[in-house]
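Commentary on secondary and tertiary structure
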Amino acid sequence: MPGRDATNGRRSTDSVPVSRYPQPDMSSETSHHKPRVAVVFGGRSSEHAISVLTAGAVLRAIDREKYDVLPIGITTDGRWALTADDPERMAIADRQLPTVAALTESAEGAVVLPVDPTNREVVYSEPGSVPKALGEVDVVFPVLHGPYGEDGTLQGLLELSGVPYVGSGVLASAVGQDKDYMKRVFTSFGLPVGPYEVIRPREWEKDPAAARRKIVDFAAEHGWPLFVKPARAGSSMGITKVDDLGGLDEAIEEARRHDPKILVESLLRGREIECGVLEFEDGPRASVPAEIPPVTAHDFYDFEAKYIDSADGIVPAPLTAEQTAKVQELAVAAFDAASCEGLVRADFFLQDNGEFVINEINTLPGFTPISMYPRMWQESGVSYPELIDRLLQAALHRSTGLR
């Protein structure tokens, strides 16, 4: 347990304060019946703060009578830290975003998950002190967004460790993170995607002028404005709407600040529609769709509109029965095309010609209080706590490894 000697249960003098950290009930009767859930959040990506927001909402929703909970935060430099089980501190305060560093009192203590499928025991250690066993973990709920967590890297670690986890496996997570390969997969399955161009790191490093001309030629064919974005980021991080050549260079640099691989997309005129997919016992099902209305205070649905100014989505989306059925069909098809598991949020454009185009999927969508995924399922008859419970139960009953 955190803050206690693993051998005799006495508090260690050099440990972090016990009162600030989760103290799971490790009695044989309780631990036998209550699965241990490690909620892993934070991470090294630019979406660190969004992950902390999501973790706060998830921690509030987990049924503590049914599950034993161990919050583990990953700092921006990659350290796995034992954090306070304090959802109230995992929220935006005075327009300031939360961080894992603010939730842990020890700047050096680290949590270690053994890469050994025969041992699921988590260990906490600090310099100059004896490592302390925190007990075994039955399932991991990763609420990491972006690279180093949502992209298959954490999923690979958990596969090696033999620990079940919520959400998609390595392949689907990687495909869902890389918008280039995501669109290639969708195209190969006959799903409709909009025009796009990719500038890979080697292209830019070898000949920036030629890479820039590639974008200009794309604009000549599809018209301005364009959206320049990181190929492997989310939460609208690093995206710039470019109206003409004058703003192109700055947009490229902003995207490359988040990812050396960038994606260029043409403007698709129409309505932004989202749809949730959740895996049930009989297979994936789609939620009622939602609509993201035009954001008047922002040029597009960017980071501040999503998380700071809290742009409201319309749930359910005002669609015809035929349009609703179509977008639900496409959402499940995208889930299957990428070999997803557990959950997905699929984002679409309903074009002025009445046709849907899939923009992207998110294999670990946000669970913040304003996030669309839980709101869509709430409207579909699955409450927030029930949604969390269903995801955990599905993970507990799904094996790791090839499946």
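Residues numbered from 1 in each chain as written. Predicted model: local features only at pLDDT ≥ 70, side-chain atom pairs only at ≥ 80, totals over all residues. Heavy atoms only, no water.

**Some thoughts on helix α5 (residues 179-188)**
Inclusion rule: Think of it in three bands: with a 1.4 Å probe and only protein chains considered, a residue is buried below 20% of the maximum accessible area for its type, exposed above 50%, and partly exposed in between. Here a strand is any run of E in DSSP of at least two residues, a helix any run of H or I of at least four, and the numbering for each starts at the N terminus. The criterion used for residue contact is that any of the two residues' heavy atoms lie within 4.5 Å. Two N or O atoms count as a polar contact when they lie within 3.5 Å, although within protein this holds only if one can serve as hydrogen donor and the other as acceptor, and sequence-adjacent residues are included solely when both atoms are side-chain atoms.
Buried within α5 are the following residues: K179, D180, M182, K183, V185 and F186. Where the residues of α5 are buried, they touch α4 (170-177), β8 (196-199), β9 (226-230), β11 (262-266), α10 (321-337) and β16 (356-362). Where α5 begins, the capping side chain belongs to D178, and its oxygen is found 3.0 Å from the backbone nitrogen of D180. Taken from the residues just after α5, G190 is the one with a positive phi, measuring 80°.

**A look at unusual backbone geometry**
Most peptide bonds are trans, and most residues other than glycine sit at a negative phi. Looking along the chain, the bond that leaves W224 and enters P225 is cis, with omega of 0°. Following the sequence through the fold, P225 ends up in the loop between α7 (208-222) and β9. Between V315 and the following residue, P316, the backbone shows a cis peptide bond with an omega angle of -5°. Position of P316 among the secondary structure elements: in the loop between α9 (303-308) and α10. One non-glycine residue, Y148, lies in positive phi territory at about 65°. Inspection of the secondary structure puts Y148 in the loop between β7 (139-142) and α3 (153-161).

**Comments concerning the UniProt feature "active site" (unreviewed entry) in the protein**
Heads up, the condition is: UniProt positions are given in the numbering used here, feature names are shortened, and annotations may be inferred rather than shown by experiment. Cavity: a set of points on a 1 Å grid over the protein atoms alone where a 1.4 Å probe fits but cannot get out. Pocket: an open set with protein on both sides within 12 Å along at least five of seven lines, its lining residues, like those of a cavity, having an atom within 4 Å of a point.
Per the UniProt record, the feature "active site" (unreviewed entry) sits at E47, S235 and S371. Within the annotated group just given, the residues that line the largest cavity are E47. With respect to the secondary-structure elements, S371 resides in the loop between β16 and α11 (372-379). Among the residues examined, S371 registers a relative accessible area of 10% and is labelled buried.

**Looking at the pattern of salt bridges**
Threshold: Each salt bridge in this description consists of a side-chain nitrogen of Lys or Arg and a carboxyl oxygen of Asp or Glu lying within 4 Å of one another.
Evaluated as defined, the whole model comprises 24 salt bridges. Where E159 meets R403, a salt bridge forms, and the shortest distance between an N and an O atom there is 3.0 Å. A residue pair is termed long-range when its members are at least 10 positions apart, and E159 in helix α3 and R403 in the segment after α12 (384-396) qualify at 244 residues. Where R403 meets E341, a salt bridge forms, and the shortest distance between an N and an O atom there is 2.8 Å. Pair noted here: R403 is in the segment after α12 and E341 is in the loop between α10 and β15 (343-351), with a separation of 62 residues, a long-range link. For R403, a relative accessible area of 45% gives the class partly exposed. Residue E341 is classed as buried on the basis of its relative accessible area of 14%. Connected through salt bridges with shared partners, the residues D178, D180, R184, R200 and K261 form a single ionic network.

**Description of the pairing of strand β12 (residues 270-280)**
Filter applied, for reference: A pair of strands counts as paired when DSSP detects no fewer than two bridges linking them.
Relative to β15, β12 runs antiparallel, the two being bridged by nine bridges. Paired with C275 across the strands is A346, a residue of β15. Where β12 lies against strand β14 (residues 290-292), three bridges are found, and the strand directions are antiparallel. Each residue of the ladder has a partner; that of E272, found in β14, is I292. Both β12 and strand β13 (residues 283-286) contribute to a ladder of four bridges, which runs antiparallel. Within β13, the position partnered with F280 by the bridge is G283. Between β12 and β13, which follow one another and run antiparallel, lie two residues.

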